[in-house]
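So the chains spell out like this:
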Amino acid sequence: MANWQITAKTIYCESAGEEVTIIIKKDWSVQCTGYRDRQEGPQNKTYTQVECEGLDCTRINQYRDQLKAEEGLL
């Protein structure tokens, strides 16, 4: 088990067409979230979650594997 609680990394995701945040918890469960600004201007912004490729996403798995290697688990 990792010595940290949660870690996150923001990357540009081609499938979403914008930046997304990969979140990995100490039990190695993952999330991938992204938000797109749907309205112009700094006021009255509406954000919608962007669908990602899910847990099979190469970028998610690469980041999780990198963290496991740093923890000596790979």
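Above this note sits the structure.
Visitor: Can you walk me through the packing of aromatic side chains in this structure?
Guide: A ring pair, where both rings are aromatic, is described by two values, the distance of the centres and the angle of the planes. One pass over the structure, following the stated rule, counts one aromatic pair. With centroids separated by 5.4 Å and ring planes inclined at 90°, the aromatic side chains of Trp-4 and Trp-28 adopt a geometry described as edge-to-face. Placement of Trp-4 in the segment before strand S1 (6-13) and of Trp-28 in the loop between strand S2 (18-25) and strand S3 (30-33) is noted, with a sequence separation of 24 residues between them. Residue Trp-28 is classed as buried on the basis of its relative accessible area of 14%.

Visitor: Where do I start with the nonpolar core in this structure?
Guide: Residues Val-20, Ile-22, Ile-24, Ile-60 and Leu-67 are the most contacted members of the largest nonpolar core, which totals 14 residues. Elements that contribute at least two residues to this core include exactly S1, S2, S3 and helix H1 (58-70).

Reading guide: rules and limits
- Residues numbered from 1 in each chain as written.
- Predicted model: local features only at pLDDT ≥ 70, side-chain atom pairs only at ≥ 80, totals over all residues.
- Heavy atoms only, no water.
- Phe/Tyr/Trp six-rings, centres within 6.5 Å; stacked < 30°, edge-to-face > 60°.
- Helix = DSSP H or I, 4+ residues; strand = E, 2+ residues; numbered from the N terminus.
- Buried < 20%, exposed > 50% of the residue type's maximum accessible area, 1.4 Å probe, protein only.
- Core = buried A, V, L, I, M, F, W, Y, C linked by side-chain atoms within 4.5 Å.

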